[in-house]
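Residues per chain, in single letters:
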Amino acid sequence: MMHLGPHAAFIVTAYAAAIAIVAGLVAWILLDRRHLTRMLDDFEAQGITRRSQRGDGEKW
Amino acid sequence: MSLIEFANPSRFVALASRVLPWLSAVTVLAFAVGISQVYLAPDDYQQGATVKIMFIHVPAAWLGIFGWVLMSAAALGTLVWRHPLADVAAKAAAPIGAAFTLMCLVTGSLWGRPMWGTYWVWDARLTSVLVLFLMYLGVIALWRTIDDPTQAARAAAVLTLVGAINIPIIKFSVDWWNTLHQPASVFRLGGPTIHPAILVPLILMAVAFTLLFVTLHLAAMRNEIMRRRVRTLMMLQAGVHAGPS
């Protein structure tokens, strides 16, 4: 077991905060991707496609 | 295929989708190595075990600054070459840079309390990093305020380039003013002042955090391209439902 001395609470809190911030970022990116993928799938199911998907070239 | 062809959004998404699983795996591996070295690193002769906060605080600070430098380079791509992928890169980097700057502020505050006796002082280094965080929030707010992504990108690019003046202020604040924050101890003339037993884990953690930044940025850029496709399709749908006038 690691001995963190008299300031262990500060060290543990700092690492916990870093983990929480990274976890929040990862969760935000994954949930955003899931939401956007569903929306694109819905459009495709409705037959609404971009011009590039129809072959006449569009930026996005 | 030339490098410029990867600047096409569809090719970029395809490339990012191929690279991201590998990059994620390398990032996890880099953190495993870095954290094992942090665990084995000795205590500092003055600070004791609190030096372990440095292994997350310093990389977070570097990446908070790196995020703004990346946004500034992308801002030039927006304003000079008007490339849409530069807009995407800038927009995707802002929340990630803000998160790393927040991590720097929080961990620095938690390091400061036992070492300095206070969570916060309004010295030049701490204040300029807080200004960086507020500027990130400002750029994110600007992106959300303007509906048209091209117009938003130009406004955000100007704000980013104006805000870039804060980057050298952060770097040299500890030299230009008397600060409670220590001067540079890694990137300085004459080499690092940190013992290799602590410097090596710090560098390994910095590599791991940088890989994490790049991974998250690529994933966020891919999301942003998808968001613009959704926007295009929503406008197309609105046009279909409205019919010819």
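Residues numbered from 1 in each chain as written. Chains lettered and ligands numbered in written order. Predicted model: local features only at pLDDT ≥ 70, side-chain atom pairs only at ≥ 80, totals over all residues.

(A) Up close: the overall build of chain A. Across its full length, chain A carries two helices and zero strands. Looking at chain A residue by residue over its 60 residues, the buried ones come to 10%. (Helix = DSSP H or I, 4+ residues; strand = E, 2+ residues; numbered from the N terminus. Buried ≥ 20, exposed ≤ 12 C-beta atoms within 10 Å, placed from the backbone.)

(B) How the structure looks around the interface of chain B and chain A. In this complex, chain B contributes 35 residues to the contact, which on the side of chain A involves 26 residues. Considering every element that reaches the side of chain B that touches chain A, the biggest residue donor is helix α7 (residues 196-242) of chain B, with 15 residues. Here the side of chain B that touches chain A is composed, by residue class, of 23 nonpolar, seven polar and five charged. (Contact = placed C-beta atoms within 7 Å. Nonpolar A, V, L, I, M, F, W, Y, C, P; charged D, E, K, R; others polar.)

(C) Expanded view of unusual backbone geometry. All names here are of chain B. In this structure, Arg82 takes a positive phi of about 50° despite not being glycine. Relative to the helices and strands, Arg82 resides in the loop between α2 (54-81) and α3 (84-116). Given 12 C-beta atoms within 10 Å, Arg82 falls into the exposed group.

(D) Quick peek at the nonpolar core. Counting 68 residues, the largest nonpolar core has Ala89, Ala90 and Ala93 of chain B as its most contacted members. The set of elements that each furnish at least two residues to this core consists of α1 (8-45) of chain A together with α2, α3, α4 (124-145), α5 (149-163) and α7 of chain B. With 18 residues, the single largest contributor to this core is α3 of chain B. Excluding residues that lie within four positions of it along the chain, Ala90 of chain B makes contacts with Met71, Ala74, Ala75, Thr78, Ala153, Ala156, Ala157 and Thr160 of chain B. (Core = buried A, V, L, I, M, F, W, Y, C linked by C-beta atoms within 7 Å.)

(E) Representation of the packing of α1 of chain A against α3 of chain B. Remark: α1 of chain A packs on α3 of chain B, axes separated minimally by 9 Å, with the N-to-C direction vectors making an angle of 170°. It follows that α1 of chain A is roughly antiparallel to α3 of chain B by the angle criterion. Contact residues: Phe10, Thr13, Ala14, Ala17, Ala18, Ile21 and Leu25 of chain A in α1 of chain A; Ile96, Ala99, Leu102, Met103, Val106, Thr107, Leu110, Trp111, Arg113 and Pro114 of chain B in α3 of chain B. In terms of residue class, the contact of α1 of chain A with α3 of chain B is made up of 14 nonpolar, two polar and one charged. (Axes fitted to C-alpha atoms, helices over the stretch in contact; angles between N-to-C directions. Parallel < 35°, antiparallel > 145°, perpendicular 65-115°, else oblique.)

(F) Molecular detail of the packing of α4 of chain B against α5 of chain B. Residue and element names in this part refer to chain B. Running from N to C, α4 and α5 cross one another at 170°; their axes reach a closest spacing of 9 Å. The angle between the axes of α4 and α5 places the two elements in the roughly antiparallel class. In the crossing of α4 with α5, the sense of the turn from one axis to the other is right-handed. Taken together, the residues of α5 that come into contact with α4 (itself represented by Met135, Gly138, Val139, Leu142 and Trp143) are Ala152, Ala155, Ala156, Leu159, Thr160 and Gly163. (Left-handed = near helix turned anticlockwise from the far one by under 90°.)

(G) Representation of the environment of Thr50 of chain B. Mapping Thr50 of chain B onto the fold places it in the loop between α1 (9-40) and α2. Spatially, the C-alpha atoms of Thr50 of chain B and Met115 of chain B are 8.3 Å apart, while their sequence positions differ by 65 residues. Apart from the residues within four sequence positions on either side, Thr50 of chain B is in contact with His7, Phe10 and Ile11 of chain A together with Trp111, Pro114 and Met115 of chain B.

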